[in-house]
Amino acid sequence: MAGRLFYLLPLVLITLYLPASSLAQSVTASFQTNPVDEDRTTILICNVNNLGTNNVVIDRTIYSRTEQLVSGTQILPSVDDNFFLSINDNADGSKTYFMTIRGVYHITDPGTYTCRIESTGGAVITSQSAILSINYNPISSDPRCSIADSNTDLTRLPGDEVVLACTSEIGYPPVDIKWSYSGCNKDRYVPAPTVTSFGFYNSELKIALSDQDNGGMFTCTLSRPDGSYSKGCSVGPFVVLGGEVCNMESTAMTAPSPTYHGKMTTDGMKSNAMTAPSLSPTDGIMATEGNDSWTHVANKLLCMLCILLCFVFYAV
């Protein structure tokens, strides 16, 4: 037994006097809040074990471009002033690097952040990455609608094909996009939009106009399923030459005009029944419901005054 301990003793002594730089190094990377809402603050946390005389480097990669942020214990001078670094020496000998990012912006800040340990010669010993995502809605000017043809005139002929365009940032998580139609053409079919481009919606809608599309309007709407965001833009109304005038309220009726009760519905028609005002059969004066016209009241007062004068004349 004593012989075995004699052989193990050198190994124990070597382990005790082994420099920290030769022990296994490790690093972890994570964000305190991820994804984070735009304009808010998040912190990249890098835990480093057995750093020894080696160096810590933090960088980020956005759109295939890598930028170094931290080297050793300093943020590089070229880095934006919304980055702040603090380092904590832990009781177990490890170190924790806290890199605070204030006022995150969806164009400049999302991407892959990497914490790594480098030797004094610059060789990478170990590393770990964390991906930062930022919640945001499209900018206030989006969406933007237009006619994507060389002819941008809203006055067209039946059968003309029109290409409508809707452009917007996608947002994160991506917002929903759809086209809709309002007008008299109840058979109008609006297909799902074609979407292209990374980070942006470039939606095109091809429509063949008919004479029933006179006065029609096409709307592109961005929205979120939870109802927290909804914005839209429209193209129209189109004037289709030879088409009938599209007016859901101009129904052929005898005078006087009907009085409408109720609110407008989404298809442009009144929601409740129409009630026409009644007519007096004796004097032809229009009377509104429950109220005499001023002319009719004046006539009644004049008759009563004449009767009163007659009584006064005969009494005298």
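Values in this document were obtained by computation on a predicted structure and should not be read as measured data.

### Digging into the overall build of the protein
- Of regular secondary structure, the protein possesses two helices and 21 strands.
- The burial tally for the protein puts 28% of its 316 residues in the buried class.
- Taking the intrachain contacts of the protein between residues at least 6 apart in sequence as the baseline, contacts between residues at least 24 apart amount to 57%.
- For the protein, the exposed surface amounts to about 19,800 Å²; the carbon and sulfur share of it is 57%.

### Regarding the state of the cysteines
- As enumerated under the stated definition, the model contains three disulfides in all.
- Between the sulfur atoms of Cys 46 and its disulfide mate Cys 115 the distance is 1.6 Å. Of this pair, Cys 46 sits in strand E3 (residues 42–49) while Cys 115 is found in strand E9 (residues 111–118), placing the two residues 69 residues apart along the sequence. Both residues of the pair, Cys 46 and Cys 115, count as buried.

### Considerations on the pairing of strand E18 (residues 230–235)
- In this structure, strand E17 (residues 217–223) lies alongside E18, joined through six bridges in antiparallel fashion. By the bridge assignment for E18, Cys 220 is matched with Cys 233.
- Here E17 folds back onto E18, and the loop between the two strands holds six residues, one of which, Gly 227, carries a positive phi near 80 degrees.

### Some points on the pattern of salt bridges
- The full count for this structure, using the stated rule, is eight salt bridges.
- The closest approach of N and O atoms between Asp 109 and Arg 60, which form a salt bridge, is 3.1 Å. Pair noted here: Asp 109 is in the loop between strand E8 (95–101) and E9 and Arg 60 is in strand E4 (residues 55–62), with a separation of 49 residues, a long-range link.
- Since its relative accessible area comes to 2%, Asp 109 is described here as buried.
- A salt bridge links Asp 213 to Arg 188; the nearest nitrogen and oxygen atoms lie 2.4 Å apart.

### Focus: the sheet that holds E8
- On the basis of which strands lie adjacent, the open sheet formed by four strands has the order E1-E3-E8-E7 and antiparallel pairing. Unpaired on one side and paired on the other, strand E1 (26–31) and strand E7 (83–89) mark the two borders of the sheet. Shown here is a sheet whose adjacent strand axes are inclined to one another by a mean of 15 degrees, direction ignored.
- Where E3 lies against E8, seven bridges are found, and the strand directions are antiparallel. Bridging across to E8, Ile 43 finds its partner in Thr 100.

### Describing the environment of Glu 67
- Counting through the fold element by element, Glu 67 comes out in strand E5 (residues 65–71).
- Residue Glu 67 is classed as buried on the basis of its relative accessible area of 17%.
- Sequence separation between Glu 67 and Tyr 113 is 46 residues, and the spatial gap between their C-alpha atoms is 9.6 Å.

### Section: the sheet that holds strand E10 (residues 124–132)
- The strand order across the open sheet built from five strands is E6-E5-E4-E9-E10, with neighbouring strands paired in antiparallel fashion. Strand pairing shows two members of the sheet lacking a second neighbour, strand E6 (74–75) and E10, which therefore form its edges.
- Pairing between E5 and E6: two bridges, direction antiparallel. By the bridge assignment, Ser 71 is partnered in E6 with Gln 74.

### Description of the confidence of the model for the protein
- On average, residues of the protein score 78 in pLDDT, and 69% of them are at 70 or above.
- With pLDDT under 50 throughout, residues 5–21 is counted as low confidence; its partners more than four residues away or in other chains account for six contacts.
- Within the model, pLDDT remains below 50 along residues 248–297, and this stretch shows 48 contacts once partners closer than five positions in the same chain are excluded.

### Quick notes on the environment of Thr 100
- Of note, Thr 100 is situated in strand E8.
- For Thr 100, a relative accessible area of 16% translates into the label buried.
- Beyond its immediate sequence surroundings of up to four residues, Thr 100 is in contact with Thr 41, Thr 42, Ile 43, Asn 82, Phe 83 and Phe 84.

How each quantity is defined
- Residues numbered from 1 in each chain as written.
- Predicted model: local features only at pLDDT ≥ 70, side-chain atom pairs only at ≥ 80, totals over all residues.
- Heavy atoms only, no water.
- Helix = DSSP H or I, 4+ residues; strand = E, 2+ residues; numbered from the N terminus.
- Buried < 20%, exposed > 50% of the residue type's maximum accessible area, 1.4 Å probe, protein only.
- Contact = heavy atoms within 4.5 Å.
- Areas by Shrake-Rupley, 256 points an atom, 1.4 Å probe, with all protein chains shown as cover.
- Disulfide = S-S within 2.5 Å.
- Pairing = 2+ DSSP bridges.
- Salt bridge = Lys/Arg side-chain N within 4 Å of Asp/Glu carboxyl O.
- Axes fitted to C-alpha atoms, helices over the stretch in contact; angles between N-to-C directions.
- pLDDT = per-residue confidence, 0-100.

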